[in-house]
Amino acid sequence: MTPLKSGKRNSAKSSNEICSNRQSGSVLLNSIYIEITDTCNLNCGFCPCGKQSQAASLPSAKARTFMDSALFKRCIQQAALHAENVYFHILGEPTLHPGFVHYLKALETTPLKLNLTTNGTTIARVGKHLLQSLALRQVNFSTHAYGELETAHAEKYLQDVLDFCQMALAARPELYINLRLWNTGDFPDVHRQKEWNQFLIAQIARTFDLDGNATPDLEHFCSRHKSFPVRGRLYLHRDSRFEWPGVGNINTAGTCHALETHVGILHDGRVVACCLDHEGKITLGHIHEQNLDEILKGPLALSLLEGFQKRELRHPLCQKCSFCRRFR
């Protein structure tokens, strides 16, 4: 798949020069993650939504919320000044938002393009609206999540997703679609996930009439060859099981693309440095109170950016993030 442009890191520039450029000019990013809800209808073991839903009966449990329309309008107005693309998640399933269709239409009034990541469970309901939206650029389906579901539910959701893919190939061939299988590695239910993966591959082959040579071979996936074409711009995307920050050993040396290619806005308007910071551990400011440009030129943002350029992980969240190890 042709990847999203992530912005080239210029190692020839000093950290002082980079931060000076950030202060003097408009901050240009590739993507902004706008979390329109932190609500989800699944309970995946790899996701904080799942862990928090298990504790929902506790007195300290945080209520799930939806971003209101005024805040969303503010977010996309600000995002359009700084980025080409938006996502509708950090946590949560965006299609559950009661105003999801209206937010799609609102996005069409801006130059922003939407890369939607979804678990696909509502695609039979929202698929038509997605295909009609000129703002939609890409859809990522987290089909690895179905490996944790009861068989009947998993098979139904997968069929809905594959039906959507067929419609999209006919109606919107320019759309990029990823069927994600992010479940390599060693974890408790790995055998069940492998069974699910084989079933999914068989269904893809049947749906798109692939012969043996064209069918993706799970045994040959590697870190440098993750994306396999199915048909047109439909791809199967393989990767390791996702780990959120906060697990593992502390590491102070490393870098990240946060603040250079993307930032996030949580459902309550807090601006965070990273698309993985679902708790707002690195809150840079609030979109209600400041323009995004001011927030991204603030002292905390500049200090973190300088650290990344010097290969210094300066915040505790970054120091316990395994994702940083992917960047050299």
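Residues numbered from 1 in each chain as written. Predicted model: local features only at pLDDT ≥ 70, side-chain atom pairs only at ≥ 80, totals over all residues. Heavy atoms only, no water.

## Remarks on the pattern of salt bridges
Taken as a whole, this structure holds nine salt bridges when the rule is applied. Residue D239 pairs with K226 through a salt bridge whose shortest N-O separation is 3.2 Å. Placement of the pair is D239 in strand β7 (residues 234-240) and K226 in the loop between α7 (190-207) and β6 (227-231), with a sequence separation of 13 residues. Its salt-bridge partner being E306, residue K310 comes within 3.9 Å of it at the nearest N-O pair. When its relative accessible area of 41% is taken as the criterion, K310 is described as partly exposed. Residue classification places E306 among the buried residues on the basis of a relative accessible area of 17%. Where salt bridges share partners, they join E306, K310, E312 and R314 into one cluster. (Salt bridge = Lys/Arg side-chain N within 4 Å of Asp/Glu carboxyl O. Helix = DSSP H or I, 4+ residues; strand = E, 2+ residues; numbered from the N terminus. Buried < 20%, exposed > 50% of the residue type's maximum accessible area, 1.4 Å probe, protein only.)

## Section: the sheet that holds strand β5 (residues 176-184)
With mixed pairing, 10 strands are arranged side by side in an open sheet as β6-β7-β5-β4-β3-β2-β1-β8-β9-β10. The sheet is open, and its two borders are formed by β6 and β10 (283-286), each paired with just one other strand. Here the strands of the sheet are splayed against their neighbours by 25 degrees on average, with no regard to which way each runs. Looking at chain direction, strand β2 (residues 85-87) and strand β3 (residues 113-118) are connected through two bridges and run parallel. When the bridges of β3 are listed, N85 appears paired with K113. (Pairing = 2+ DSSP bridges. Axes fitted to C-alpha atoms, helices over the stretch in contact; angles between N-to-C directions.)

## Points about the packing of aromatic side chains
Following the criterion strictly, the structure yields eight aromatic pairs and no others. Between F141 and F164, the aromatic rings sit 5.7 Å apart at their centres with planes inclined by 70 degrees, giving edge-to-face as the arrangement. Of this pair, F141 sits in strand β4 (residues 136-141) while F164 sits in helix α6 (residues 151-171), placing them 23 residues apart in sequence. Consider the rings of Y146 and W196, whose centres lie 6.0 Å apart with planes at 75 degrees: the pair is edge-to-face. Highlighted residues: Y146 in the loop between β4 and α6 and W196 in helix α7, separated in sequence by 50 residues. When sorted by exposure, Y146 lands in the same class as W196, which is buried. Following the ring pairs from residue to residue traces out a cluster consisting of F72, F88, F100 and Y103. (Phe/Tyr/Trp six-rings, centres within 6.5 Å; stacked < 30°, edge-to-face > 60°.)

## Focus on the nonpolar core
Core analysis: the largest hydrophobic core is formed by 94 residues, its most contacted members being F88 and L284. Sort the elements by how many residues they give to this core and α6 lands first, with eight residues. (Core = buried A, V, L, I, M, F, W, Y, C linked by side-chain atoms within 4.5 Å.)

## Let's talk about the pairing of β5
For β5, the tally of buried residues reaches eight of nine residues, placing the bulk of the element in the interior. Pairing of β4 with β5, which is carried by four bridges, proceeds in the parallel orientation. Looking at the pairing, F141 lines up with L179 of β5. Note that the unit made of β4, α6 and β5 has a crossover that is right-handed. (Right-handed = clockwise from strand over helix to strand, strands pointing away.)

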